Structures are given as structure tokens and as C-alpha cells.
Number of protein chains: 2
Amino acid sequence: MPAEAPSRGPGRDIPEATVARLPVYLRALTALEERGIGTCSSEDLAAATGVNSAKLRKDLSYLGSYGTRGVGYDVDYLRYQIAREIGVTQDWPVIIVGIGNLGHALANYSGFRSRGFRVVALLDAAPERHREQVAGLPVRPFDELEDIVDQQQVAIGVIATPAVAAQDVADRMVASGITSILNFAPTVLSVPDGVDVRKVDLSIELQILAYHEQRKGAPEEGGQRPSRRAGTAAGVTA
Amino acid sequence: MPAEAPSRGPGRDIPEATVARLPVYLRALTALEERGIGTCSSEDLAAATGVNSAKLRKDLSYLGSYGTRGVGYDVDYLRYQIAREIGVTQDWPVIIVGIGNLGHALANYSGFRSRGFRVVALLDAAPERHREQVAGLPVRPFDELEDIVDQQQVAIGVIATPAVAAQDVADRMVASGITSILNFAPTVLSVPDGVDVRKVDLSIELQILAYHEQRKGAPEEGGQRPSRRAGTAAGVTA
DNA sequence: TAGATTGTTAATCGATTAACAATC
DNA sequence: TAGATTGTTAATCGATTAACAATC
């Protein structure tokens, strides 16, 4: 029978909630390093990231024991260990499909490179966009997807198309070998097992804020309209 | 002694995980309505949103009993009830601060209006941007923040500035009366109690995908480099 | 009535957190 | 040694889900 996977240490099975926080710690450690700080305690890092320090220590314990009791963590060492765990000690090639307003913004985002990603191609189905040059890259026909993914060994794709196109783009991405998708289109994508999709949705974030905002306006009793409110009635079509 | 808050019904205390899914249901119901579908079961809606149907029914049960056993849910009625619960039966006025690439994209995003939001002002600290007109709105000096928030009764602000400016912008927003912030800048904001902040972070989403991608590359044993990988070593500074 | 589907229960699972022994 | 801080335990909390009685 196969050996048990290690329950801890630089091994497997980090909880999803922890995985989602590791990039936050990584960013904070980089900021500390840039300020010339060589060592920090779990309290320091917790304060910088807005996380409970016990939770932070538990999170780090899934990676291994990289701290020193009574002293704290070596900033650079811990930063490297987290980067290694996430898998961003080298750059991942990424493509962006859909070079409208949002695609432009994503292509020009300078933070990718220093955080483990490199935009290797921009694609768009509209021929009139193929004349453009965005962030130093040509906008290429969508049909070149398979070639690009194959040649550059791309595993991660970003969808910034309108909602109607998103499922088709995702299908083509999956068929071409992409196994991780970051979706900015407001649609639920269906993909086969083994393909990861994460979704960023503007309206949903705002609606979550609106829910809480509404509650603030009327702290007592239900059904109350929020006070901080202007504007006319409008057909909500979410 | 005060009466107990209702544990269910059109009242208080919807779990956060449920609140985050309500906008997803709302969008799916709108899509069903546009397709002319009048009634749907929890299975239908679950399939459309990628949520377990038991979870969906439990989520809806926090709002009240809006379904009919043996029949399902009236699409339009349920849609309205969810919109009311979220608080988007009318438009919320929203301002965007920082009109760079991303701010442009957000200002031009057409989905806001139909989902309960109305962009009432664009602000930027750089004087050279004050000549511009974006999405039919003038880009106004950041100093006008207080006046705009006050006059338009703005409760929700969007930060699309560079990271260094974000905390200052947040402080000014809070001082001017804003109590909900959607933050696109890659910084942890500190705000007083009673102010809600939600964060959208590109690099973090990609890093979470990278973590799982790395695991796919090496299904057995730890420490393996992912296979689908190109590019050179680069200093990761997260 | 028979079939369908909701709303709810209760079991389970995963995440959070205070507390503290281990140890630098 | 005394003080500090990690790594871990165990209690608690919240979220998920299968199952099913209620009921259309």
C-alpha cells in the first residue's frame, strides 16, 4: 500500500483558506524586506496583513517550521519559502484574451512581472484590434491560441471578453491545453475536472458591499430603506 | 427586554457565505427571465450557478419561503426578493478614484447600471487628467471628494489608484462619509469599525491558480517543478 | 392520489482562535 | 536565567451536505 502523505511539513494538503492567504503574506514580507527589515514576529506580520496572529502561525505551520521561537521569522527566508510553496520563484507565462478596456488595463498592469507572471500574448477576435500594440505586445487573432499555448507552454489564461464569448473562449483554452483560468467575464464557466477557474466579478463585489451598506442605514427593524441613498427607481436586471 | 431578532424570514443575520452567493443567484435568475423562463426548481438554479442544490435551498431559506413545494420558484418573484434583500432594487451612487487604465475600464463597465449601481463621479489627483472626459463623465480633482460625497449622498467608493496612494484615498473617503470601499490597489487598507472594505487583487488570484497549477505538474512527491512551464528565473518580489 | 420539490434537520466537515508547552 | 515567541492543541464556530418530512 502507498505511504501516507505527510500531514505537515513542506508537503501536501494545504487548506484552501490558507492557500488564499499565502499571497497576502508574500506581499507583506516583500514590503518589509524593501523597508530593510530583516526579522519579524507573527504579530508583526499579522498586523501588516490584517490577519489574527494565531491563524497566521497555523497557516505557516502547514509549510514547515521556518521560524525561531523567541525570535520570529527571517523575512527573506520566509518570503522565499512562501514563494516556493505557491510556485512563483519563476515566472508563469500567461495569455490574455479580450483586449477591450479591461484587457488593456490587465496588459498594462506592471505588478504581474514581479509577482511571478509574464504576459506572453494578447488575443482578440476582432480584426480591427489586430493593428494595435498594447503594452509592447501585438494584439493577435484568437485563432492563434493553440499555437501560442503550445509554443510558449502556457498553463494559465485570463478571460476579459464580454460575457457571451466567455464560454467559447474557455472551451478553446481548455482544448489547447490551458488548465487554469482567471475569468473576468460575468458568467459561470463550465470546465472539465482538472481545470481550475477563478472568477473576479465587479458587480458581485459591489452588491456584497451594498447588502451591508443597506443594513447600516437601518440598524433597527427590517425592511427599512438605507439612509445614505440617492437616485431614482430603476429596473434591476442584475 | 428586547424581542429576539427573527432567526429566519425576511429579517436579520444572513451568513456571509450566503450573502456572497446571493448576487450569483440574482444574475442567474435574470438570465432565466431573459430566456422567458417563468419557473425554476432549486436543481435548475443550482445547475446554472454551479452550487449544490441543498446549499442553494438553505441559502434561500434565510430570506424566507419564496418557493412552492412540488413546483419550484417563480423566477421573477424570487429575483425581486433577492434584489430587495441585497438592496439593489434602486441604484446606489458610486464614485471611482484613480482614473488610470483600470479606472477607465471600470468607468466604462456597462454592467453597473443594470445591477444596482450608478457611477456619479470620477476623481483623479493628476491635473493633466482633468481635461479628459471618460464614459461621458468629467475627471474631477480629488479635492472635490467631500463635496461630491456630500451632495450626491455617496456611500460606496472604488479605489483604483496606485498602491502608494490607496491608504490616503481611503482615509479621505472615510472622513467624507463613505462607509463601503472596493479596493483594487494591492494594499491592505486600515479603516475604522463600521467601514467595510472588499479587495480585488489580480496577482493574488493568479498566485492561487499558480499554486494549484504547480501541484498538477507534479502529482507524485513534493518539490517537483511543474512541467507546463517556460521562462527564465526571475527575482520574485511579490 | 402519485409525483415532485421545497424547507429543515442533523451529521459532518473545515476554519478560526485562545491558550500554552516547547524552546530559542 | 528571564523574556519572548513559535508551533500545536483543543475548543469553538460557521459552512456544507445528505436525507427526508412537509406539502404543493
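One can find the structure itself at the top, above this paragraph.
Heads up: these notes are all about the structure in this document. Treat the numbers as computed from the prediction; the structure is a model and nothing was measured. (Residues numbered from 1 in each chain as written. Chains lettered and ligands numbered in written order. Predicted model: local features only at pLDDT ≥ 70, side-chain atom pairs only at ≥ 80, totals over all residues. Heavy atoms only, no water.)

1. Structural notes on the sheet that holds strand β1 (residues 39-40) of chain B
Residue and element names in this part refer to chain B. Selection rule: Strand pairing follows a simple DSSP-based rule, namely that at least 2 bridges must link the two strands. Starting at the N terminus, helices and strands are each numbered in turn, a helix being any DSSP run of H or I of at least four residues and a strand any DSSP run of E of at least two.
Across the sheet, which stays open at both edges, the three strands sit in the order β1-β3-β2 with antiparallel pairing between neighbours. The sheet terminates laterally at β1 and β2 (67-68), the two strands that pair on one side only. As paired elements, β1 and strand β3 (residues 72-74) share two bridges and run antiparallel to each other. Paired with C40 across the two strands is Y73, which belongs to β3.

2. A short note on the protein's contact with DNA strand D
Inclusion rule: Throughout this document, a residue counts as near a molecule or strand when at least one of its heavy atoms sits within 4 Å of that molecule or strand. A 3.5 Å cut-off defines polar contacts: any pair of N or O atoms within that distance qualifies, except that in protein one atom must be a possible hydrogen donor and the other a possible acceptor, and neighbouring residues in sequence count only when both atoms are side-chain atoms. Under the grouping applied here, Gly and all other residues not named as nonpolar or charged are polar, the nonpolar ones being Ala, Val, Leu, Ile, Met, Phe, Trp, Tyr, Cys and Pro and the charged ones Asp, Glu, Lys and Arg.
The full set close to DNA strand D counts 27 residues, and S42(A), G67(A), Y73(A), R21(B) and R69(B) are the nearest of them. At 2.5 Å, a backbone N or O of S42(A) approaches a phosphate oxygen of DNA strand D. The contact in question runs from a base nitrogen of DNA strand D to an N or O atom on the side chain of R57(A), over 2.9 Å. At the level of elements, α3 (53-61), β2 (67-68) and β3 (72-74) of chain A together with α1 (16-34) and α3 (53-61) of chain B are the ones that each hand at least two residues to the surface near DNA strand D. Classifying every residue of the surface near DNA strand D gives six nonpolar, eleven polar and ten charged.

3. Here's the deal with the nonpolar core
Note the following rule: In this description, a nonpolar core means a group of buried Ala, Val, Leu, Ile, Met, Phe, Trp, Tyr and Cys residues linked to one another through side-chain atoms lying within 4.5 Å. In this scheme, a residue with accessible area under 20% of its type's maximum is buried, one over 50% is exposed, and one in between is partly exposed, where area comes from a 1.4 Å probe on protein chains only. Two residues form a contact once any of their heavy atoms are found within 4.5 Å.
Within the largest apolar cluster, 101 residues are counted, with the highest numbers of intra-cluster contacts made by I82(A), F117(A), I82(B) and F117(B). With eight residues, α1(B) is the single largest residue contributor to this core. Beyond its immediate chain neighbours, meaning those up to four positions away, I82(B) contacts L22(B), Y25(B), L26(B), L29(B), L60(B) and L63(B).

4. Some words on the protein's contact with DNA strand C
Taken together, the neighbourhood of DNA strand C is formed by 27 residues, with R21(A), R69(A), S42(B), R57(B) and Y73(B) sitting nearest. The sugar-phosphate share of atoms of DNA strand C within 4 Å of the protein amounts to 64%. Take N52(A): an N or O atom from its side chain is 3.3 Å from a phosphate oxygen of DNA strand C. Contact between DNA strand C and R69(B): a base oxygen at 3.2 Å from a side-chain N or O atom of the residue. Looking at the surface near DNA strand C, the elements that each hand over two or more residues are α1 (16-34) and α3 of chain A together with α3, β2 and β3 of chain B.

5. With respect to the pairing of strand β9 (residues 180-183) of chain B
Residues and elements named next belong to chain B. The criterion, for reference: Clockwise travel from the first strand over the helix to the second, with the strands pointing away from the viewer, marks a crossover as right-handed.
With burial as the criterion, each face of β9 is covered, one bearing S180 and L182 and the other bearing I181 and N183. Bridge count for strand β8 (residues 156-159) against β9 is four bridges, and the pairing is parallel. Looking at β9, one finds that I156 is bridged to S180. Taken together, β8, helix α8 (residues 163-176) and β9 form a β-α-β motif whose crossover is right-handed. The pairing of β9 with strand β10 (residues 196-199) spans four bridges and is parallel.

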